[in-house]
Amino acid sequence: MTMDLVCAWPEIVGERHAKFSRPEKLNWPRRAHDDDPFEPAVLVLACEQIHVLYLQHDTDALVRRINGYFGFTAIHRIKIVQKPLSKPKETGRKEKPATPSLTGEAQRRLASLLEHIEDEALRQVLKRMGQGVFSARSSDI
């Protein structure tokens, strides 16, 4: 499969389908001899969950768009494989989620629980964890 197809995927199929699908491979039919006639390939697409139904509904239009991109009848059908799409790997460090702030009784309760922890690094980790736990509760403790 050409990298051009992968790179141009959102332009070819539109953002609606590009978010939940990606081309996996082109399965070209075997040719017994070099003089055998050309036969179009089957495009294997990975697609996420319920979006398979939407993609399957639009396969005829997608085949025309993909062949239009190539400039010839490169594929004759699409095979859809349902599977989760891996997210592109991010470069650099991920941002930590903001630590929720506490007010009132929950903040005093957490401070009293942490006051006897001598190790500063451990106390800070437990404080962040406690803020998450106390903020997740429906009412302050």
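Quick look at the structure, then. All residue numbers here refer to positions counted from 1 along the written sequence of the relevant chain. The predicted nature of this model means local features are confined to residues of pLDDT at least 70 and side-chain atom pairs, given and counted, to a pLDDT of 80 or more, with totals for whole chains, interfaces and linings taken over all residues. Values reported for side chains reflect all heavy atoms of the structure, with hydrogen atoms and water molecules removed beforehand.

### Looking at the nonpolar core
Stage number 1. Residues Trp9, Leu43, Ile66, Ile75 and Ile78 are the most contacted members of the largest nonpolar core, which totals 19 residues.
Stage number 2. Where this core is concerned, the elements lending two or more residues are α2 (9-13), β2 (41-47), α4 (51-57), α5 (59-70) and β3 (75-82).
Stage number 3. Think of it this way: any DSSP run of H or I at least four residues long counts as a helix, any run of E at least two long counts as a strand, and we number them from the N terminus. Ranked by the residues each element gives to this core, the list is headed by β2, at 4 residues.
Stage number 4. The contact definition used throughout considers only heavy atoms, calling two residues in contact when any of these lie within 4.5 Å. Sequence-distant contacts of Ile78, that is, excluding residues within four places in its chain, are made with Leu43, Leu45, Thr59, Leu62, Val63 and Ile66.
Stage number 5. To qualify as a nonpolar core, a set must consist of buried Ala, Val, Leu, Ile, Met, Phe, Trp, Tyr and Cys residues joined through side-chain atoms within 4.5 Å. Here the term buried applies to any residue with accessible area under 20% of the maximum for its type, exposed to any over 50%, and partly exposed to those in between, with areas from a 1.4 Å probe on protein chains only. By size, the runner-up hydrophobic cluster in this structure holds 5 residues, among which are Leu102, Leu110, Leu114 and Phe134.

### Brief notes about the packing of aromatic side chains
Stage number 1. Only Phe, Tyr and Trp rings are paired, with Trp represented by its six-membered ring, and only when their centres lie within 6.5 Å; those with planes under 30 degrees apart are stacked, over 60 edge-to-face, the remainder tilted. Scanning the model with the defined rule gives 4 aromatic pairs in all.
Stage number 2. Between the aromatic rings of Trp28 and Phe38, the centroid separation amounts to 5.9 Å while the plane-to-plane angle is 55 degrees, which identifies the pairing as tilted. You can see Trp28 sitting in the loop between β1 (21-27) and β2 and its partner Phe38 sitting in the loop between β1 and β2, a full 10 residues away along the chain.
Stage number 3. The class of Trp28 is partly exposed, set by a relative accessible area of 44%.
Stage number 4. A relative accessible area of 46% means that Phe38 is categorised as partly exposed.
Stage number 5. Taking the centre distance of 5.7 Å and the plane angle of 70 degrees together, the rings of Tyr69 and Phe70 count as edge-to-face.
Stage number 6. Overall, the relative accessible area of 36% leaves Tyr69 in the partly exposed class.
Stage number 7. Its relative accessible area of 22% is what places Phe70 among the partly exposed residues.
Stage number 8. Three or more aromatic residues joined by ring pairs make a cluster, and in this case those are Trp28, Phe38, Tyr69, Phe70 and Phe72.

### Structural notes on unusual backbone geometry
Stage number 1. The backbone of Gln49 sits at a positive phi, close to 25 degrees, despite the residue not being glycine.
Stage number 2. Along the chain, the position of Gln49 falls in the loop between β2 and α4.
Stage number 3. With relative accessibility at 60%, the residue Gln49 sits in the exposed group.

### Quick notes on the sheet that holds β1
Strand pairing in a sheet relies on backbone hydrogen bonds, with the paired strands running either antiparallel or parallel.
Stage number 1. Strand order in this open sheet of 3 strands is β1-β2-β3, and the pairing throughout is mixed. The two strands at the open ends of the sheet, each matched to only one other strand, are β1 and β3. In this sheet, neighbouring strand axes are inclined to one another by 25 degrees on average, regardless of whether the strands run parallel or antiparallel. Strand pairing requires that DSSP identify at least two bridges connecting the strands. Working convention: axes come from line fits to C-alpha atoms, limited for helices to the stretch in contact. Angles between N-to-C directions cover 0 to 180 degrees.

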